[in-house]
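Summary of structural features
Now for the letters of each chain:
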Amino acid sequence: MYGLFLRHFYLITRSFPRVLDLVYWPTIQITLWGFISNFFATHTTYYNNAVGVILTCAILYDFLFRTSIGFNMLFLEEIWSRNFTNLFIAPMKIGEILTSLVATALIRALIGLIPAVLLTSPLFGISILDLGIFLFFLFLSLYLFGITLGILVSAGLLRYGPSFENIAWSTMFLLAPFGCIYYPIEILPEVFQKIAYLLPLVYIFEEARNILINQTVDIQNIYYAFLWNGVYFVLSIVLFYYSFNVAKNKGTLINMGE
Amino acid sequence: MKNLVEVKNIKKNYGKNEAVKGISFSIEEDEILGLLGPNGSGKTTTIGMLLGLLKPTSGEIFINGQKLEGNRIEILEQINFISPYIELPKKLTVKQNLTVYGKLYKINNINERIEFLSEKLRLERLLNNITGELSSGQKNRVSLAKALINEPKVLLLDEPTASLDPEVGDFVRSFLEEYKKEKKISILLASHNMNEVTRLCKSILMMKDGIIIDKGNPEELINKHGRKNLEEVFLKLSRSKNELN
């Protein structure tokens, strides 16, 4: 018994991502649900005139989640199947690998999204299409951010190896409290608000609520969402190339094991 | 004969650890070069550098006259690799896997190529089977087919017959001999099977602690060290202090 405990204890203490994984899950869950509870306790009438806002935001968030996880899954599949080395000795540029993963992740996300969108109307009498033409921009923005997170996590996998996998599963939850998916940004403490404004998520979800509740469009929100997306996307690409070079120096590409 | 592989004084350090300490060698076309050495001698690191998966700390690698640094993609089109430590996606059928790699290597007539390799490697009846459900010997032949899908000029083999039964091992060795002769390719063979190395390799590099400690053809090495076979030479060199630098 003690031997088995030691086996896992040694594994955890030798891997920073595993330690991080242990710590932040409870923290994130408590933070996210704390803000949600706080919001509903103090703003009981906020959603009265906008049936389906929560559901619409849930669908948008799920699209982001699917895109990001989908991208990570494609990368992890190669590690799990021990095909990683084969892929990186094929004559493909890093840009080509990323492009194919980006396109495949979109198809995966759409496959998951379309049934969910179609089900909301007959089951709940709500159509996400109420967001109008701006729905396209919101989805595009979410897709870009999902891909960006996927690339960042893949860069971590290249740099740290499979032990970074746990981070891959939880990036979305890490950002959820700051994304203001189910509540307006005002509910966050001031320090958190400053962090949230540095993410495209807050602009996307604020705008979705704005369209559905106020029936108006604030172009500035969409503009800022794309602006921050652009910044993070470029950063993720740079980091991916950097991680690839680090992996080539450290030998991670030929030793993609535990 | 033209050298398809030229390695000039490559070194690889992992921090303070010197995994490869400045080795040079070349492989002619239509030649199989054996790379021998105990575990941790630097063989895998050397192969990793030849594949462009590892960046040498210093030194140069030329494949078919092209420098690896700066021409990675062009060179990867001309080489391939097989190792028991890497696998093809298990859920795909054999044909799907070969098709995927045919596309990745930009092969024009993928179906013809798959047909040719299937016939050569006795895979015809396995093409629609799930790769993960194949036996070790069958998986090995599929990996070999993948490694030959791009008609490589240089083939890197890391223990290609490890865990195979004698019959399949012999089939793979015979196939490699015949294929090399027919296509005039260069092969680097890292193996712990001394009979295999004696049979296939025209020349051998013995590595230990990141350097080449001896080289020559199998017969020369056996005579030089006064041993009965290559295995005894290997044991002598592995247990002795480094002989050559």
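Treat the numbers as computed from the prediction; the structure is a model and nothing was measured. (Residues numbered from 1 in each chain as written. Chains lettered and ligands numbered in written order. Predicted model: local features only at pLDDT ≥ 70, side-chain atom pairs only at ≥ 80, totals over all residues.)

**Digging into the overall build of chain A**
What counts, and what does not: Numbering of helices and strands runs from the N terminus, with a helix taken as a DSSP run of H or I at least four residues long and a strand as a DSSP run of E at least two residues long. Any residue surrounded by 20 or more other C-beta atoms within 10 Å of its C-beta is treated as buried, while 12 or fewer makes it exposed and the intermediate range makes it partly exposed; C-beta atoms here are placed from the backbone. Here contacts are defined at the residue level, using C-beta atoms placed from the backbone and a cut-off of 7 Å between them.
Helices and strands together make up the secondary structure of chain A, namely 10 helices and zero strands. Reading the secondary structure of chain A in the N-to-C direction produces α-α-α-α-α-α-α-α-α-α. Burial analysis of chain A (258 residues in total) assigns 37% to the buried set. In chain A, the share of contacts with a sequence separation of at least 24, taken over all contacts with a separation of at least 6, comes to 77%.

**What about the nonpolar core?**
Note the cut-off: As used here, a nonpolar core is made of buried Ala, Val, Leu, Ile, Met, Phe, Trp, Tyr and Cys residues. They are joined through C-beta atoms within 7 Å. What fixes the domain bounds is an automatic or database domain assignment.
Formed by 135 residues in total, the largest nonpolar core has its most connected members in Leu60, Leu142 and Phe205 of chain A together with Ala145, Leu156, Leu188 and Leu189 of chain B. Per-element accounting of this core gives the leading share, 14 residues, to helix H6 (residues 134-160) of chain A. If you count residues domain by domain, this core takes at least three from each of domain 1 (3-78 + 152-239) and domain 2 (88-151) of chain B. With near-sequence residues (within four places) excluded, leucine 188 of chain B lies in contact with Val5, Ile27, Leu33, Leu35, Leu156 and Leu157 of chain B.

**A word on the sheet that holds strand S10 (residues 211-216) of chain B**
All names here are of chain B. Counted only if it meets this: Pairing between strands is defined by DSSP: at least two bridges between the two strands are required. To define axes, lines are fitted to C-alpha atoms, for helices over the stretch in contact only, and angles between the resulting N-to-C directions are given on a 0 to 180 degree scale.
Strand order in this open sheet of six strands is S6-S7-S8-S3-S9-S10, and the pairing throughout is mixed. Unpaired on one side and paired on the other, strand S6 (79-82) and S10 mark the two borders of the sheet. Here the average twist between neighbouring strands, direction ignored, is 20°. Looking at chain direction, strand S7 (residues 154-158) and strand S8 (residues 186-190) are connected through five bridges and run parallel. Its bridge partner lying in S8, leucine 156 is registered against leucine 188.

**Some thoughts on the sheet that holds strand S5 (residues 66-67) of chain B**
Residues and elements named next belong to chain B. The four strands lie next to each other as S2-S1-S4-S5, forming an open sheet whose pairing is antiparallel. If you trace the sheet from one side to the other, it starts and ends with strand S2 (17-28) and S5, each paired once. Of the pairings in the sheet, the one linking strand S1 (residues 3-14) to S2 comprises nine bridges and is antiparallel in character. Paired with asparagine 13 across the two strands is glutamate 18, which belongs to S2. The strands touched by helix H1 (residues 43-50) within the sheet are S1, S2 and strand S4 (58-63), with S2 carrying the most contacts at an inclination of about 60°.

**Considering the interface of chain B and chain A**
Rule in force here: In this classification, Asp, Glu, Lys and Arg are treated as charged, Ala, Val, Leu, Ile, Met, Phe, Trp, Tyr, Cys and Pro as nonpolar, and every other residue, Gly included, as polar.
Taken together, the contact between chain B and chain A spans 18 residues of the former and 17 residues of the latter. Tallied by class, the residues present in the side of chain B that touches chain A amount to 12 nonpolar, two polar and four charged.

**Side note on the environment of serine 236 of chain A**
Position of serine 236 of chain A among the secondary structure elements: in helix H10 (residues 219-250). Placed 17 residues apart in sequence, serine 236 of chain A and leucine 253 of chain A show a C-alpha to C-alpha distance of 19 Å.

**Focus: the pairing of S4 of chain B**
All names here are of chain B. Relative to S4, S1 is paired through five bridges, and the arrangement is antiparallel. In the sheet register, glutamate 6 faces S4, and the bridge partner there is phenylalanine 62. In this structure, S4 lies alongside S5, joined through two bridges in antiparallel fashion. The residue bridging isoleucine 63 from the neighbouring strand is glutamine 66, located in S5. In sequence, S4 turns back onto S5 through a hairpin of two residues, with asparagine 64 there showing a positive phi of about 50°.

**Quick notes on the packing of helix H3 (residues 53-80) of chain A against helix H5 (residues 94-124) of chain A**
Residues and elements named next belong to chain A. Counted only if it meets this: Reported orientations rely on four angle classes, namely roughly parallel under 35 degrees, roughly antiparallel over 145, roughly perpendicular from 65 to 115, and oblique for the rest. Less than a right angle of anticlockwise turn of the near helix away from the far helix marks a crossing as left-handed, whereas a clockwise turn marks it as right-handed.
In contact at an axis separation of 8 Å, H3 and H5 are set at 155° when each is read in the N-to-C sense. Considered as vectors, H3 and H5 are oriented roughly antiparallel to each other. Judged by the sense of rotation from one axis to the other, the crossing of H3 with H5 is right-handed. Where H3 abuts H5, its residues Leu55, Ile59, Asp62, Phe63, Arg66, Thr67, Gly70, Phe71, Leu74 and Phe75 lie against Leu101, Thr104, Ala105, Arg108, Ala109, Gly112, Leu113, Ala116, Val117, Thr120 and Phe124. Of the residues assigned to the contact of H3 with H5, the class counts are 13 nonpolar, five polar and three charged.

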